[in-house]
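Chains, contacts and geometry: an overview
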Amino acid sequence: MTAPSTEDSSNMDWTNKLRISLCAAFCCLLCACSVSYKFNGASIDYSKIKTIQIADFPIRSNYVWGPMGPIFNNQLKDQFADHTKLTQVKRNGDLKLEGEITRYEQRNKAVTSEGYSAQTELSITVNVRFTNTKNHDQDFEKQFTAQQSYNTTLSLNAVQEELVTQMVKDLCDQIFNATVAQW
């Protein structure tokens with residue numbers, strides 16, 4: 001066996017020093033940077049906001065489909081439970097959501113050349129009152145609407161549950177974005 005030459009030793013030293021320097025630089029960079037991703041879209045300061053109070057939204061519409069109220073109320077509460085760390089409370093919440101389902105209606109959307117309805121649009125409108133007890137500048141009252149269309153050859157009874165479920169999801173997304181996502 002022959003002893004390594006001094007040239008080989010200095011190359012190994014230089015390679016080891018380079019590896020150590022790169023590892024140290026990577027560690028410093030990793031410690032210095034803080035990246036935060038929020039996949040749920042919520043932008044809540046949990047040091048100030050800890051609770052949310054979500055009242056049941058009664059149906060105040062002239063036209064009513066009975067299951068719509070519970071579907072909406074459950075989906076809205078689930079949206080906040082699934083996408084925030086807020087505790088839902090019955091009263092004195094840091095955030096408060098209340099309102100009513102004000103419209104549930106259908107109208108002709110498209111007419112055939114013979115003058116018959118080809119498509120019908122179903123819509124739900126919800127009036128929402130939002131209160132942020134920690135920052136009243138964010139308080140609002142506004143209406144949110146969602147629509148879905150269906151072919152008039154189908155009866156409303158055949159498509160109603162599916163369409164209402166889709167509209168409720170859309171409404172809950174709109175309300176969530178307007179209240180805690182700050183989009």
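Residue positions are counted from 1 within each chain, in the order its sequence is given. Selection of residues for local features in this predicted model requires a pLDDT of at least 70, selection of side-chain atom pairs for listing and counting requires 80 or more, and totals for whole chains, interfaces and linings are taken over all residues. For the side-chain quantities, the full set of heavy atoms in the structure was used; hydrogens and water were omitted.

So, on to the sheet that holds strand β4 (residues 117–132). The criterion for strand pairing is that DSSP finds at least two bridges linking the strands in question. Secondary structure counts use DSSP, requiring at least four H or I residues in a row for a helix and at least two E residues in a row for a strand, with both numbered from the N terminus. A sheet is described by the order of its strands in space; here 5 strands give the open sequence β2-β1-β3-β4-β5, paired in mixed fashion. Every interior strand has two partners, whereas the edge strands, β2 (87–88) and β5 (140–151), have only one. Here 2 bridges tie strand β1 (residues 51–54) to β2, and the two strands are oriented parallel to one another. Note on β2: the bridge partner recorded for Ile52 is Gln88. With respect to the sheet, helix α2 (residues 68–83) is in contact with β1, β2, β3 (95–111) and β4, its orientation differing from that of β3 by roughly 125°. What makes two residues a contact is simply this: any of their non-hydrogen atoms within 4.5 Å. Between the N-to-C directions of two axes lies an angle of 0 to 180 degrees, each axis being a line fitted to C-alpha atoms and, for a helix, fitted only over the stretch in contact. Its contacts with the sheet put helix α3 (residues 156–181) on β3, β4 and β5, and the angle it makes with β5 is roughly 150°.

Turning our attention to the environment of Pro70. With respect to the helices and strands, the residue Pro70 is situated in helix α2. Distance in space between the C-alpha atoms of Pro70 and Phe57 is 8.8 Å, their sequence separation being 13 residues.

So, about the nonpolar core. In these notes, a set of buried Ala, Val, Leu, Ile, Met, Phe, Trp, Tyr and Cys residues joined through side-chain atoms within 4.5 Å is what counts as a nonpolar core. Here the term buried applies to any residue with accessible area under 20% of the maximum for its type, exposed to any over 50%, and partly exposed to those in between, with areas from a 1.4 Å probe on protein chains only. Core analysis: the largest hydrophobic core is formed by 37 residues, its most contacted members being Phe72, Leu76, Leu97, Ile124 and Val164. Elements that contribute at least two residues to this core include exactly β1, α2, β3, β4, β5 and α3. In terms of residue count, the dominant contributor to this core is α3 (12 residues). Ignoring anything within four residues of it in the chain, the contact list for Phe72 reads Phe57, Ile101, Val126, Val168, Leu171, Cys172 and Ile175.

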